[in-house]
Amino acid sequence: MSSRLPAATNQSEQSFSDPANPTPNPALISDDARIDFWAAQASRLDWAEPWHTTHRFEKPQVIGEDQDGNPTYSVPEIAWFEGGKLNVAHNCVDRHVEAGRGDHVALYFEGEPGDRLVYTYADLQREVARASHALTDLGVVKGDRVVIYLPVIPETVIMTLACARIGAIHSLVFGGFSAEALKFRVEDTGAKVLVTTDGQNRRGKVVPVKVNADEACSGDNQIEHVVVVRRTSRPGNKQLAAGTRGARSNDELEVPWTPGRDVWWHDLIKDAPTVHTPEFFDAETPLFIIYTSGTTGRPKGLVHTMGGYLVQTAYTHALLFDLLPDTLDDDGALRPDELSMVNDPAKVDSTVHWCTADLAWVTAHTYEIYGPLVNGVSEVIYEGTPNTPHPGRHFEVIERYGVTNYYTAPTLIRSLMGAFPHGIPQIYNFSSVRLLGSVGESINPEAWRWLRSQIGRDQVPFVDTWWQSETGSCVASPRPHDPQFAPPGTFAAGTPGTSPKPGCATRAIPGVSVRVLDESGEPVETGHQGLAVVDKIGPSMARTVWGDPQRYLSSYWQQYGERGWFLAGDGARLDDDDDLYILGRVDDVINVSGHRLSTIEIESALVTHPLVVEAGTTPVEDPLTGHAVLACVVLTPAGAEVSATQLHDELCAHVTREIGPIAKPREVIAVPDLPKTRSGKITRRLLAQLYHNQPLGDRSSLQNEEALDAIADVMSARRS
Ligand code: ATP
Ligand code: MG
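Residues numbered from 1 in each chain as written. Chains lettered and ligands numbered in written order. Predicted model: local features only at pLDDT ≥ 70, side-chain atom pairs only at ≥ 80, totals over all residues. Heavy atoms only, no water.

Asker: Any chance you could break down empty space enclosed by the protein for me, citing the residues and the numbers?
Answerer: Space left empty within the atom packing is revealed by a probe, the size of a water molecule, rolled over the atoms. Scanning the entire structure with this criterion turns up three cavities of 30 Å³ or more. Around the largest cavity, the lining residues are Gln312, Thr471, Val475, Val512, Val534, Ile537, Gly538, Ser540 and Met541. Class assignment for the residues of the lining of the largest cavity results in five nonpolar, four polar and no charged. (1 Å grid on protein atoms, 1.4 Å probe; cavity = no way out; pocket = protein on both sides within 12 Å on 5 of 7 lines; lining within 4 Å. Points joined across faces, edges and corners; volume = space filled by probe spheres on them. Nonpolar A, V, L, I, M, F, W, Y, C, P; charged D, E, K, R; others polar.)

Shown next as structure tokens:
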């Protein structure tokens, strides 16, 4: 096995002068210091060979002109840790077993019907070994693509790690996606193997899945084998389900079969050896392709590579989820040592992490698969929907496993708020929880406060982590030990600037830097809305869009050309403390008479109204003002009793009070549900298209297509 080798170019301890200092002020990070910082953090991993070049960045260069005389650019090239060799699965699994932690729990699995399994790191090592042999036996070699269309079950994690182990490029697809969405990903990746299940547990029902997989493989593709995990016909569910309220057993499903192509997973791994010798790959070897959520259009298949991705993932997971050792600063305050290249073993041992995302989402890749495992903590994975069989299911899970970190999405918090309008009943014990986190969208302050008071005792840190599929791991977030979260007695209470800021992504993590700029690249004034730009990237930045490097250039790099700054596509502003607020998609900005309004701010105001559960706002055309605000709202039962006129008047008055008359919606429309991507983001552009009765754009990423028909009905009733 490999040993931990010194980094080839690591002079970091001397030269990285003040890394704990907050950015977004980019002046605080010099290029050399940043690169040295990441070289130091790379020593968190086992490398079989050291790298020769820590970082190489070929910025876009002007290569010509388009018809309108605008410059055209070359595609940028990014590399980290070139020459270094590592194995990602070895780092996430074997390494912990070798360090004597084989008995430590890696995964607590809970199925929707109530079945439970526990995998230690040693168990995981054996299972990943078997799956690696099985893939190799199917003819999968380095660079081949494997599409993993599975629910949140241990096999998903095992197969993902097995791909990483043998150098196959995995692409996870949400198990609830349609055959059409899967087909696009199977064809776009040119995958050789598709992994799926017989059926799935979804919302208390068993639904067939293999049929979707077959349909997805019916076109022009490279699929040689379909591997089928037995999930819904697994024996023993009934017995294991005891102890879960509303538990049930599964029925056997009919599974369509193509002989020669299809193979059961359990047959494949039956005789496979439980020991597997890893190969070590160049740091820039592709690890996975992740499709964006598709909030703004056809999903992009972003390519992440092994070394850089795992380094930033390991570091940010430790930073955000409080694994770094504490030190005392000059004022005697307790702070995590943000520079530390090792974790605090006591914190690692006592962590039970739970990221509630579906494994196919980038959040789960980084903070549910690779991050927790590379850091050797225990974590929960839960198969089902949060409200099956009852809306308190998550609370049961937190209590049962003693979850310490509950990392979830604003949409889920809002739905819990809707389900428990009088707060969570006192029957659950949340005393294990020591950190909360959110990702996926700007969190409405109302939802932030609710979760922190209901589950976090108004005390625990709350990390609002801003990042994207493109950036691979977190870019900006409050720190768990920010003074604002100080437990009583740890910090001087009432220190200026230390009150919590709900809904604030706060500042860039060490080693990256963020600016808020206008379109020409000038900083916008404090308090004004601009574009969120990552002007100094970290090692987990996506390297390209699979099969479409021009889209990579045009989506992210063209705007700031030779300056080499990454356009994130989100609106943002800085407050007086230079803390960062993300204001939603640039595409969603509402421009009323030259005033740029943030969809998320108007929505956040609307959801503080007692009649509103959720809100989606979008710009609609207005001959006078350019844009007007359209507000679609999901109402509480009390809200449904109110007349349309009264609702309009009350909510407009409310927004006027909270933000100002300029943000007042032109129209307020009550809808049964809002269209959302699989990762829980409101697809605002569809609201505008439905409103204008225009053809709808890409819908392949929606989790609730049926919402569209319901909204269309409401809109057409309104028009007539
Ligand atoms: P597409 O790029 O296809 O439109 P997408 O951007 O929704 O899809 P993701 O990469 O899954 O796909 O989502 C990243 C986006 O999610 C960010 O750009 C941002 O808009 C939003 N986001 C994520 N976390 C946060 C957060 N903590 N605060 C605010 N917004 C967030
Ligand atoms: Mg995006």
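Asker: Account for the UniProt feature "domain: AMP-binding enzyme C-terminal" (unreviewed entry) in the chain, naming residues and giving values.
Answerer: Under the feature "domain: AMP-binding enzyme C-terminal" (unreviewed entry), the UniProt entry names residues 601-681. Taken end to end, residues 601-681 is 32% helix and 31% strand, and its two terminal C-alpha atoms sit 15 Å from one another. (UniProt positions renumbered as here; feature names shortened; annotations may be inferred. Helix = DSSP H or I, 4+ residues; strand = E, 2+ residues; numbered from the N terminus.)

Asker: So, the site of ligand 1: which residues are in play, and what are the values?
Answerer: Taken together, 22 residues surround ligand 1, and among them Thr292, Thr295, Thr296, Ser469 and Arg585 come closest. Contact between ligand 1 and Glu441: a nitrogen atom at 3.4 Å from a main-chain N or O atom of the residue. Between ligand 1 and the protein, one listed contact pairs a nitrogen atom with a backbone N or O atom of Ser442 at 3.3 Å. With the chains in place, 96% of the 640 Å² that ligand 1 exposes on its own is no longer accessible. The pocket occupied by ligand 1, as judged from atoms lying within 2 Å of grid points, is the second largest pocket. Among the residues making up the shell around ligand 1, the classes are represented as five nonpolar, 10 polar and seven charged. (Near = heavy atom within 4 Å. Polar contact = N/O pair within 3.5 Å; in protein donor to acceptor, adjacent residues only side chain to side chain. Areas by Shrake-Rupley, 256 points an atom, 1.4 Å probe, with all protein chains shown as cover. Sits in = over half its atoms within 2 Å of the grid points.)

Asker: Describe the environment of Gly294, listing the residues and the values that go with them.
Answerer: Summarising the element assignment, Gly294 is placed in the loop between strand 16 (286-291) and strand 17 (301-305). With a relative accessible area of 6%, Gly294 lands in the buried category. Here the alpha-carbon distance between Gly294 and Gly423, two residues 129 residues apart in the chain, equals 33 Å. Those residues within four positions of Gly294 in sequence are excluded, and the remaining contacts are Pro299, Arg685 and Ser701. (Buried < 20%, exposed > 50% of the residue type's maximum accessible area, 1.4 Å probe, protein only. Contact = heavy atoms within 4.5 Å.)

Asker: Could you give an account of the pattern of salt bridges, with specific residues and numbers?
Answerer: Counting across every chain of the model gives 42 salt bridges. Arg393 serves as the salt-bridge partner of Glu110, at 2.8 Å between the closest nitrogen and oxygen. Residue Glu110 is located in strand 6 (residues 105-110), and its partner Arg393 is located in helix 13 (residues 393-401); the two are separated by 283 residues in the primary sequence. Summarising the burial analysis for this pair, Glu110 and Arg393 share the class buried. The salt bridge involving Arg400 is made with Glu396; its shortest N-O contact spans 3.6 Å. Placement of the pair is Arg400 and Glu396 together in helix 13, with a separation of four residues, close to one helical turn. Residue classification places Arg400 among the partly exposed residues on the basis of a relative accessible area of 30%. Salt bridges sharing partners connect three or more residues here, namely Arg414, Glu441, Asp588, Glu603, Glu614, Lys676 and Arg684. (Salt bridge = Lys/Arg side-chain N within 4 Å of Asp/Glu carboxyl O.)

Asker: I'd like to hear about the nonpolar core, residue by residue, with values.
Answerer: By size, the foremost hydrophobic cluster in this structure holds 133 residues, and its most contacted members are Leu194, Tyr370, Trp466 and Leu580. Ranked by residue count, the leading element in this core is helix 10 (residues 306-320), at nine residues. Within the second largest apolar cluster, 28 residues are counted, among which are Tyr382, Val397, Ile424 and Ile443. (Core = buried A, V, L, I, M, F, W, Y, C linked by side-chain atoms within 4.5 Å.)

Asker: Tell me about helix 10, and name the residues and values.
Answerer: Since the α-helix packs 3.6 residues into each turn, any two residues three or four apart lie on the same face. Across its 15 residues, helix 10 extends 21 Å between first and last C-alpha, which sits within 8% of the 21 Å expected from 1.5 Å per residue. Burial runs high along helix 10: 15 of the 15 residues are buried. Of the residues flanking the end of helix 10, it is Asp322, one or two places downstream, whose phi is positive at about 60°. (Expected span 1.5 Å × (residues − 1).)

Asker: So what about the sheet that holds strand 22 (residues 405-408)? Which residues, and what values?
Answerer: One open sheet accounts for seven strands, arranged 7-6-21-20-22-23-24; its pairing is mixed. Every other strand in the sheet has two partners, leaving strand 7 (116-120) and strand 24 (462-464) as the edge strands with one partner each. Put simply, the sheet's adjacent strands are angled 15° from each other on average, direction ignored. Here three bridges tie strand 20 (residues 352-355) to strand 22, and the two strands are oriented parallel to one another. Its bridge partner being in strand 22, His353 is matched across the sheet by Asn405. On the sheet, helix 13 packs against strand 6, strand 7, strand 20, strand 21 (378-382) and strand 22 and is oriented at approximately 145° with respect to strand 6. (Pairing = 2+ DSSP bridges. Axes fitted to C-alpha atoms, helices over the stretch in contact; angles between N-to-C directions.)

Asker: Which residues make up the side chain of Lys501, and what values go with them?
Answerer: Mapping Lys501 onto the fold places it in the loop between strand 24 and strand 25 (513-517). On the basis of relative accessibility, which here comes to 14%, the residue Lys501 falls in the buried class. Looking at Lys501, its side chain comes within polar contact range of the side chain of Asp575, at 2.8 Å.

Asker: Give me the lowdown on the layout of surface pockets, citing residues and values where you can.
Answerer: Taken as a whole, the second largest pocket encloses approximately 750 Å³ of empty space. Gln468, Ala568, Gly569, Asp570 and Arg585 are, among the 41 residues lining the second largest pocket, the residues nearest its centre. Considering every element that reaches the lining of the second largest pocket, the biggest residue donor is strand 28 (residues 566-574), with four residues.

Asker: Describe in detail the sheet that holds strand 26 (residues 530-536), supporting the description with residues and values.
Answerer: Read across the open sheet, the four strands follow the order 25-26-28-29; overall the sheet is antiparallel. Strands with a single pairing partner mark the edges of an open sheet, and in this sheet they are strand 25 and strand 29 (580-585). When the angles between neighbouring strand axes are averaged without regard to direction, this sheet yields 50°. Sheet analysis places strand 25 next to strand 26, joined by five bridges and oriented antiparallel. By the bridge assignment for strand 26, Leu517 is matched with Leu531. Helix 17 (residues 599-607) contacts strand 28 and strand 29 of the sheet and is inclined by roughly 95° relative to strand 29.

Asker: Give me the lowdown on the pairing of strand 28, citing residues and values where you can.
Answerer: A large share of strand 28 lies buried, amounting to nine of its nine residues. Sheet analysis places strand 28 next to strand 29, joined by five bridges and oriented antiparallel. Pairing of Gly571 across the sheet is with Gly584, part of strand 29. Where strand 28 folds back on strand 29, the antiparallel hairpin that results is connected by five residues, among which Asp578 adopts a positive phi of roughly 70°.

Asker: For unusual backbone geometry, give the residues involved together with the corresponding values.
Answerer: The residue after Thr388, namely Pro389, is reached through a cis peptide bond having omega -5°. Tracing the backbone through its elements, the reader meets Pro389 in the loop between strand 21 and helix 13. One non-glycine residue with positive phi stands out, namely Asp458, at about 60°. For Ser593, which is not glycine, the phi torsion reads 50° and is therefore positive. If you trace the backbone, Ser593 turns up in the loop between strand 30 (590-592) and strand 31 (595-597).

Asker: So what's going on with the packing of aromatic side chains? Residues and values would help.
Answerer: Under the definition given, this model contains 31 aromatic pairs. A ring pair is formed by Trp354 and Tyr382, whose centres lie 6.3 Å apart and whose planes are at 85°; its orientation type is edge-to-face. Of the two residues, Trp354 is situated in strand 20 and Tyr382 in strand 21; the sequence distance between them amounts to 28 residues. With a relative accessible area of 1%, Trp354 lands in the buried category. Given the relative accessible area of 6%, Tyr382 is considered buried. When the ring of Trp448 is compared with that of Phe462, the centres are 5.1 Å apart and the planes differ by 15°; the resulting orientation is stacked. (Phe/Tyr/Trp six-rings, centres within 6.5 Å; stacked < 30°, edge-to-face > 60°.)

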